[in-house]
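What follows is each chain in one-letter form.
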Amino acid sequence: MSLVATAAPGELRVPRSGPWNQRLLAGPKLGGPEPLADHVRRLGGGITDWTGRAGAHQLVERVRRSGLRGRGGGGFPTADKLSAVRRHGPRSVVVVNGSETEPAAGKDDLLLRFRPHLVLDGLLVATRILGAQQAFLVAHSAPAMAAVEAALRERLDVSIPVEVVRGPANFVGGEESALIRWLEGGRAVPRYQPPRVVDRGWRGLPTLVQNVETLAHLGLVVRLGPEWFRGAGVADEPGTMLVTLSGAVEAPGVYEVPIGTPLPEVLYVAGAQPGAVALLVGGYFGSWLRAPEVQGLALSRSSLRPAGATPGAGVLHLLPQGTCGLRESGRILAWLAAQGARQCGPCAFGLPAMASALNEVASTGSEAALDQLERWGDQIEGRGACRHPDGAVNLARSAASAFPDELRRHRSGACSGHRQSALPLPPGPDQR
Amino acid sequence: MSGRYLHVDPTICVGHRLCAEMLPELITLDDFGYPMISPDPVPRHLARLTRRTVGTCPALALILDGNPSRRARRDQLRPGASPG
Ligand SMILES: Cc1cc2nc3c(=O)[nH]c(=O)nc-3n(C[C@H](O)[C@H](O)[C@H](O)COP(=O)(O)O)c2cc1C
Ligand code: SF4
Ligand code: SF4
C-alpha cells in the first residue's frame with residue numbers, strides 16, 4: 001500500500017515560495033556558514049538593534065505572546081522556562097543543546113553549520129533576558145564546532161564567555177541533566193530531579209538548557225515579533241519546525257515545515273516511495289503510524305495526540321516496502337536498552353527484558369511475550385531518573401499495536417520482512 | 001501533615017527490597033526487584049511508618065516531600081519533556 005502519490009522524477013519538491021523553508025532555512029543556499037555581514041544584511045541589522053531598549057520583562061512577554069515551544073522533543077513553553085530561571089536573579093547559565101544524540105536526526109547540526117548566527121542571536125537574547133554571565137554551546141560534530149567558533153569570532157555583541165563544547169556520544173547524554181554533568185567534566189549520565197536544572201544546574205547555578213532550533217526561533221521572534229511568528233503553524237503550536245526525514249523517500253534530509261502541515265504533504269514533498277510500510281514519527285522514542293492513519297494526520301502535537309504520537313524533535317522515518325515493523329522496532333528497542341545509563345533498576349533491567357520480549361514477538365508472534373511487554377511497560381514507565389525508559393516503552397507499545405497483520409503472519413511462521421531498514425543504530429553503548 | 005509524597009531516587013536504589021517489606025501498603029516490587037511506590041499522598045495513618053521506612057533504607061534512596069510524583073503526572077508528560 002502506498003502512503004502517498006510519488007512525485008514525478010526531477011520535479012522540484014521543496015517549494016522555495018510558500019510557507020516551506022522560509023524562516024530558519026531561508027536565505028542563501030546551504031553551502032557553508034552564512035557570514036555575519038550577510039546575516040545582518042538579510043535580517044535588517046544586528047540582534048542588539050532589535051533588543052535595543054526592551055527590558056528583560058518585555059522580551060519574555062514577547063516570547064510568551066509568540067507561543068514558542070521547545071524544539072528539543074518536549075515542547076515545553078520557552079517563556080515559562082526563561083521565567084523559571086530568571087526568578088533566581090542574574091547568576092545563571094545558558095546551555096545551547098546541540099548534542100543531537102539521536103542517530104536519525106540532523107537538524108541542529110545543520111543549523112549550527114549553515115546558520116550559526118541565527119542560533120547565536122537566540123543565545124544572545126536568552127543571556128540578555130537572564131543576565132547570565134556564562135554560556136555553553138554544545139555541538140554534535142566537528143564541522144558544527146568549527147562553524148560556531150568562527151561565527152563567535154565575527155561577533156562583537158557577545159560579551160560573555162561562550163564555551164563551545166563537543167557533545168557526548170551516548171544517546172542519553174543529550175538529556176539536560178546529563179549534559180550539565182558533561183559540562184562539569186563528568187560522565188554524561190542523567191541525575192535524579194528535583195532539584196530541577198532551572199533551579200540548580202551547572203555547578204549549582206540556575207541553568208537554562210535550550211535546544212539549538214528553539215534559540216534560532218527565539219532570535220527571529222525578537223526581531224520580527226510574536227504576530228509574525230504566529231503567521232505560520234497552528235494557533236496553539238505556532239511557527240515552523242525542522243524535520244529530519246529519512247527512509248523510503250527520494251530526498252531525505254532536513255526540511256522546515258509549518259507546524260500543522262498534513263503528513264501526506266510532507267511525505268509528498270520528500271518523494272515518498274510507493275509501498276512504504278509505516279511512518280515512524282518522533283524518532284526512537286516515537287510511534288508508528290500506518291498508511292490509512294497517516295492520511296488524516298498533520299505534523300502537530302494536537303493532531304498526533306489522538307493517534308498516541310507526538311512530533312518530538314521532528315525525526316520522521318518512512319519504513320520501506322519489504323521491511324518488518326516489528327523486527328525494526330525490536331532492533332531499536334535493543335539499541336535503546338543498551339543506551340541506558342544503567343543507573344536505575346527499572347531501566348537497566350526492564351528495558352533489556354522488554355527488548356527480548358519484543359524480539360520474541362517479532363519472531364514468533366508469541367501472546368505470552370506480548371503480555372509481558374504490556375506488563376513491563378506499565379511497571380517501568382515513569383520510574384527512571386530520566387525519561388529514557390518512558391520513550392522506549394512508548395516505542396514498544398506502539399510496535400505491539402501498529403502491526404497486527406505482521407503479528408498474525410509471524411504466528412503462522414511467516415514474515416513480510418526480507419530486508420533490514422536503514423535506521424541508523426551506531427554500535428555499542430558509548431559513554432565516552 | 002498534608003500532601004506528603006514518597007519517592008525513590010532510582011539512581012541510588014540498589015533493590016534491597018527492605019522498604020517493600022516494611023511498607024507493603026505503599027511499596028510493591030516490580031518483576032525486577034525494584035520498588036514501585038504509590039503515587040497517592042501518604043495517608044495520615046501511615047505517616048509514622050513511612051518516615052521510619054525512609055530512615056531505614058540502607059542506600060538512603062527514599063525521599064518524602066510535597067511534590068506529586070512524575071508517575072502520577074505521566075499522562076501530561078512526553079519523553080524528552082523538560083521539567084521546566
Ligand atoms: C534521553 C533523552 C535524550 C535527549 N537528547 C536531547 C538532545 O540530543 N538534544 C536536545 O536538544 N534535547 C534532548 N533531550 C531533551 C533535553 O533534556 C531538554 O529537554 C531540551 O534540550 C530542552 O530544550 P527545549 O526546551 O528548547 O526543547 C533529551 C531528553 C532525553 C530524556
Ligand atoms: S532512566 Fe535509564 S537512562 Fe535515565 S538515568 Fe536512569 S538508567 Fe540512565
Ligand atoms: S530499601 Fe532503599 S535501596 Fe532497598 S529497594 Fe527500597 S528504596 Fe531501594
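Residue numbering note: each chain is counted from 1, following its sequence as written. Key to labels: chains lettered from A, ligands numbered from 1, both in the order written. This being a predicted model, a pLDDT of at least 70 is required before a residue's local features are given, and a value of 80 or more before pairs of side-chain atoms are given or counted; all residues contribute to the totals for chains, interfaces and linings. Water and hydrogen atoms play no part in the side-chain values, which are based on all heavy atoms of the structure.

*Asks:* Describe the overall build of chain A, listing the residues and the values that go with them.
*Replies:* Helix and strand counts for chain A come out as 18 helices and eleven strands. This radius of gyration counts C-alpha atoms alone. The globule rule is 2.2 Å times how many residues there are, raised to the power 0.38. The globule rule puts the C-alpha radius of gyration for 432 residues at 22 Å, and the 22 Å found for chain A is close to it. If one aligns the C-alpha atoms of chain A with their principal axes, the spans along those axes are about 70 × 50 × 35 Å. Type-normalised accessible area, obtained with a 1.4 Å probe on protein chains alone, sets the label of each residue: buried when under 20%, exposed when over 50%, and partly exposed for intermediate values. Counting only residues that meet the buried cut, chain A has 61% of its 432 residues in that class. A contact between two residues is defined here by any heavy atoms of the two lying within 4.5 Å. Considering only intrachain contacts with a sequence separation of at least 6, the fraction spanning at least 24 residues in chain A is 73%. Accessible surface for chain A amounts to roughly 15700 Å². Of this, 53% is attributable to carbon and sulfur atoms. Under this rule, positive means Lys or Arg and negative means Asp or Glu; His and the chain ends count for nothing. Charged side chains are reduced to one point each, which is NZ for Lys, CZ for Arg, CG for Asp and CD for Glu. Averaging the positions of the 46 positive and the 38 negative side-chain charges in chain A gives two centres separated by 4 Å. The helix and strand labels rest on DSSP assignments: H or I over at least four residues marks a helix, E over at least two residues marks a strand, and numbering proceeds from the N terminus. For the area figures, the Shrake-Rupley method with a 1.4 Å probe applies, and any residue is considered shielded solely by the protein chains shown.

*Asks:* Explain the site of ligand 3 to me, and be specific about the residues and the numbers.
*Replies:* Whether a residue is near a molecule or strand is decided by its heavy atoms; if any one of them lies within 4 Å of it, the residue is near. The environment of ligand 3 is formed by 13 residues, the closest being C13, H16, R17, C19 and C57 of chain B. Gly is put with the polar residues, along with every residue not named as nonpolar or charged; the nonpolar set is Ala, Val, Leu, Ile, Met, Phe, Trp, Tyr, Cys and Pro, and the charged set is Asp, Glu, Lys and Arg. Class assignment for the residues of the shell around ligand 3 results in ten nonpolar, two polar and one charged.

*Asks:* Would you mind going over the domain arrangement of chain A in detail, with residue names and values included?
*Replies:* Residue and element names in this part refer to chain A. An automatic or database domain assignment is the source of the domain bounds shown. On domain assignment, one finds that chain A holds domain 1 (13-229), domain 2 (236-319) and domain 3 (325-420). Here the C-alpha centre of domain 3 lies 34 Å away from the C-alpha centre of domain 1. With eleven residues of domain 1 at the contact, the number on the domain 3 side is eight residues. In this description, buried area is defined as the sum, over both parts, of the accessible area (probe of 1.4 Å) that is lost when the two are combined. Summing both partners gives a buried area of about 740 Å² for domain 1 against domain 3, and 68% of it is carried by carbon and sulfur. The largest per-residue losses of area from domain 1 upon contact with domain 3 belong to F171, V172 and P190, which jointly make up 57% of the total buried on that side.

*Asks:* Explain the site of ligand 1 to me, using residue names and the numbers behind them.
*Replies:* In the neighbourhood of ligand 1, 20 residues make up the surrounding shell, with G72, K81, N97, N211 and T214 of chain A lying closest. Positioned at a junction of chains, ligand 1 has nearby residues supplied by chains A and B. In this structure, an oxygen atom belonging to ligand 1 sits 3.1 Å away from a main-chain N or O atom of T101 of chain A. N211 of chain A is positioned such that a nitrogen or oxygen atom in its side chain is 2.8 Å from an oxygen atom of ligand 1. Coverage of ligand 1 by the protein amounts to 94% of the 620 Å² it exposes when considered alone. Taken together, the residues of the shell around ligand 1 sort by class into four nonpolar, eleven polar and five charged. In protein, a polar contact requires one atom able to donate a hydrogen and another able to accept it; more generally it is a pair of N or O atoms within 3.5 Å, and residues adjacent in sequence count only if both atoms are side-chain atoms.

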